[in-house]
Amino acid sequence: NAGVTQTPKFQVLKTGQSMTLQCAQDMNHEYMSWYRQDPGMGLRLIHYSVGAGITDQGEVPNGYNVSRSTTEDFPLRLLSAAPSQTSVYFCASRSTGYNQPQHFGDGTRLSIL
Amino acid sequence: AQTVTQSQPEMSVQEAETVTLSCTYDTSESDYYLFWYKQPPSRQMILVIRQEAYKQQNATENRFSVNFQKAAKSFSLKISDSQLGDAAMYFCASRADNDMRFGAGTRLTVKP
């Protein structure tokens, strides 16, 4: 039962470096999303996708790019990392239907120096 | 846009007692869903309970139940017979369309 798999679990970057956080799910879910979690602020939606080839912005999209070429994968790209992007990142997926619960990955702790 | 507010940054409860975590939300959508998630130190996000806004009956999952007051836009979580394993951060969340918003969380401590 893999569920939602995120890699890496931890990463340290220097300001200006680029990085791709990987997310894969094996539940054939159409909806996938990325969140960031900062202390005292809960989770905030960065980008989401309702299916292969379709992506849209969430609450805090600036500085991040996404693409969805397959149902299974939804990578998150930081093109030029900034210290403000230091956070814990969660990927989630769910089946269609708004009452369906999201399944979360274990998170990636990203530190940008 | 939706907003979710959890006014209790920290709560504590004695083992076997009952505790209620508060959550208020604001949305202009008529069709929305509410959730409580638990995040233990392992960082996993675990669904505790969910409520469809169109349902008047409060959701219940074993020791966990909600008090959903739609007019007041309130969605509190009651944990009965608290166990040591209930210690965690608890997040309230609201979802309408593809937009999901989380509260800032409540850290629950369970005292033996």
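Residues numbered from 1 in each chain as written. Chains lettered and ligands numbered in written order. Predicted model: local features only at pLDDT ≥ 70, side-chain atom pairs only at ≥ 80, totals over all residues. Heavy atoms only, no water.

Within the structure shown, the criterion is met by 12 aromatic pairs over all chains. Geometrically, the ring pair formed by Y35 of chain A and F102 of chain B is edge-to-face, given 5.6 Å between the ring centres and 85° between the ring planes. Highlighted residues: Y35 of chain A in strand β4 (residues 31–38) and F102 of chain B in strand β11 (residues 99–102), drawn from two different chains. Comparing Y35 of chain A with F102 of chain B, the two get one shared label, buried. (Phe/Tyr/Trp six-rings, centres within 6.5 Å; stacked < 30°, edge-to-face > 60°. Helix = DSSP H or I, 4+ residues; strand = E, 2+ residues; numbered from the N terminus. Buried < 20%, exposed > 50% of the residue type's maximum accessible area, 1.4 Å probe, protein only.)

With that settled, the discussion passes to the state of the cysteines. Residue and element names in this part refer to chain A. One pass over the full model with this rule turns up two disulfides over all chains. What pairs with C23 in a disulfide is C91, and their sulfur atoms sit 1.9 Å apart. Here the S-S torsion is close to -75°, and the disulfide linking C23 with C91 is therefore left-handed. Separated by 68 residues along the polypeptide, C23 in strand β3 (residues 19–25) and C91 in strand β9 (residues 87–94) bring together distant segments of the chain. Accessibility classification places C23 together with C91 in one group, the buried group. (Disulfide = S-S within 2.5 Å.)

The partner chain A presents 27 residues to the 20 residues of chain B that form the contact. For the pair chain B and chain A, the summed buried surface comes to about 2,000 Å²; carbon and sulfur atoms form 49% of the total. Three residues, R43, R95 and N98 of chain B, lead the burial of chain B against chain A; their summed loss comes to 35% of the area buried on that side. Linking chain B with chain A are one salt bridge. In this structure, R101 of chain B engages E59 of chain A in a salt bridge whose closest nitrogen and oxygen atoms are separated by 3.5 Å. The interface formed by chain B and chain A contains eight residue pairs in polar contact (both at pLDDT 80 or more). Listed by contribution, the elements that provide at least two residues to the side of chain B that touches chain A are β5 (33–39), β6 (46–52), β10 (88–96) and β11 of chain B. Of the residues that constitute the side of chain B that touches chain A, the class distribution is nine nonpolar, four polar and seven charged. (Contact = heavy atoms within 4.5 Å. Buried area = accessible area lost by both parts, 1.4 Å probe. Salt bridge = Lys/Arg side-chain N within 4 Å of Asp/Glu carboxyl O. Polar contact = N/O pair within 3.5 Å; in protein donor to acceptor, adjacent residues only side chain to side chain. Nonpolar A, V, L, I, M, F, W, Y, C, P; charged D, E, K, R; others polar.)

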